[in-house]
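The lines below spell out each chain.
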Amino acid sequence: MSLLQSILMGIIQGATEFLPVSSFGHLCFVQNILGMEHGPGVLMEVMLHVGTLAAIFMTFQKDIRHILYEMLDMILDIVGNAHLYIHNRRTGKQLHYARIISNTYRKFAVLLLVSMIPTALLGYTARRLVVLAADSVLIPSAGLLVTGIVLLVIDLARTGGTKAAKDANLSDAM
């Protein structure tokens, strides 16, 4: 893959990553349309996603640091609560436990960890399918079509099912 092709893929990744569409599907689609080679597996696509991850870390470093601190505090609270439980069982006292999820950052950390479990399991079990899908034009195209239909249905459901209702809502807002 040439430097110009890599720059094009980076632009596509950057433009589609934060939209409610598949950036991976767009990358595969463009690679297949332009006849680019995929190389070993999906290394280029993974590197583009690592670049996106690095940009997110740089942009939200303060929030990410805060979430990591809260995760550490949650672990310490869990250990402390386990110690209190053992102490309460031995002595018969009723000392109060610390609240584990006590603020928004802690709630977000728990939700993030819980959402990673099915994603990791699915990613591990479908790792060969991803390589096959990247080489195909049909699978990313079908995925993009299904995503477009789902987004259209959701958009029309919000406006009462008609484009006229959507246009009326837009004209009322102005």
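Read on for a plain summary of the structure. (Residues numbered from 1 in each chain as written. Predicted model: local features only at pLDDT ≥ 70, side-chain atom pairs only at ≥ 80, totals over all residues. Heavy atoms only, no water.)

**What to know about the overall build of the chain**
And step 1. Along its length, the chain carries 8 helices and 0 strands.
And step 2. Partitioning the contacts of the chain with sequence separation of at least 6, the portion at a separation of at least 24 is 53%.
And step 3. Accessible area for the chain stands at about 12700 Å²; split by element, carbon and sulfur atoms hold 72% of it. (Helix = DSSP H or I, 4+ residues; strand = E, 2+ residues; numbered from the N terminus. Contact = heavy atoms within 4.5 Å. Areas by Shrake-Rupley, 256 points an atom, 1.4 Å probe, with all protein chains shown as cover.)

**Some words on the nonpolar core**
And step 1. Among the nonpolar cores identified, the biggest contains 6 residues, and these are Met-9, Ile-12, Leu-27, Val-30, Met-36 and Leu-48.
And step 2. Listed by contribution, the elements that provide at least two residues to this core are helix H1 (3–16) and helix H2 (23–34). (Core = buried A, V, L, I, M, F, W, Y, C linked by side-chain atoms within 4.5 Å. Buried < 20%, exposed > 50% of the residue type's maximum accessible area, 1.4 Å probe, protein only.)

**Some remarks on the layout of surface pockets**
And step 1. Space inside the largest pocket adds up to approximately 320 Å³.
And step 2. Around the largest pocket sit 13 residues that line it, and Phe-57, Ile-64, Ile-67, Phe-108 and Leu-112 are the ones nearest its centre.
And step 3. Among the secondary structure elements, those contributing two or more residues to the lining of the largest pocket are helix H3 (43–59), helix H4 (61–91) and helix H5 (104–125).
And step 4. Of the residues that constitute the lining of the largest pocket, the class distribution is 12 nonpolar, no polar and 1 charged.
And step 5. Its volume calculated, the second largest pocket comes out at about 200 Å³.
And step 6. Forming the boundary of the second largest pocket are Ser-22, Phe-24, Gly-25, Val-130, Ala-133, Ile-139, Pro-140, Gly-143 and Leu-144.
And step 7. Elements represented by at least two residues in the lining of the second largest pocket include exactly H2, helix H6 (127–135) and helix H7 (138–158).
And step 8. In terms of residue count, H7 provides more of the lining of the second largest pocket than any other element does, 4 residues in total.
And step 9. Looking at side-chain class alone, the lining of the second largest pocket contains 6 nonpolar, 3 polar and no charged residues. (1 Å grid on protein atoms, 1.4 Å probe; cavity = no way out; pocket = protein on both sides within 12 Å on 5 of 7 lines; lining within 4 Å. Points joined across faces, edges and corners; volume = space filled by probe spheres on them. Nonpolar A, V, L, I, M, F, W, Y, C, P; charged D, E, K, R; others polar.)

**Section: the packing of H4 against H5**
And step 1. Remark: H4 packs on H5, axes separated minimally by 9 Å, with the N-to-C direction vectors making an angle of 85°. On the basis of their axis angle, the class for H4 and H5 is roughly perpendicular. Together, Asp-63, His-66, Ile-67, Glu-70, Met-71, Asp-73, Met-74 and Asp-77 of H4 and Tyr-105, Arg-106, Phe-108, Ala-109, Val-110 and Leu-113 of H5 make up the contact between the two elements.
And step 2. Considering only residue class, the contact of H4 with H5 consists of 8 nonpolar, 1 polar and 5 charged. (Axes fitted to C-alpha atoms, helices over the stretch in contact; angles between N-to-C directions. Parallel < 35°, antiparallel > 145°, perpendicular 65-115°, else oblique.)

**Quick look at the packing of aromatic side chains**
And step 1. The full count for this structure, using the stated rule, is 0 aromatic pairs.
And step 2. Residue placement shows Arg-127 over the ring face of Tyr-124; its charged tip is 4.2 Å from the ring centre. (Phe/Tyr/Trp six-rings, centres within 6.5 Å; stacked < 30°, edge-to-face > 60°. Lys NZ or Arg CZ within 6 Å of the ring centre and 35° of its normal.)

**Examining the pattern of salt bridges**
Charged atoms that come close allow side chains of opposite charge to pair.
And step 1. The tally for this structure, following the rule as stated, stands at 2 salt bridges.
And step 2. Among the salt bridges present, the one from Glu-70 reaches Arg-106, with a minimum N-O distance of 2.8 Å. Taken together, the residues span a long stretch of sequence, with Glu-70 in helix H4 and Arg-106 in helix H5 at a distance of 36 residues.
And step 3. Residue Glu-70 is classed as buried on the basis of its relative accessible area, which comes to 11%.
And step 4. The class for Arg-106 is buried, based on a relative accessible area of 6%.
And step 5. Note that Arg-106 is salt-bridged to Asp-77, the shortest N-O span being 2.7 Å. In this pair, Arg-106 sits in helix H5 while Asp-77 sits in helix H4, placing the two residues 29 residues apart along the sequence. (Salt bridge = Lys/Arg side-chain N within 4 Å of Asp/Glu carboxyl O.)

**Let's talk about the side chain of Thr-52**
And step 1. Within the secondary structure layout, Thr-52 lies in helix H3.
And step 2. If sequence neighbours within four positions are ignored, Thr-52 has contacts with Gln-13, Glu-17 and Phe-18.

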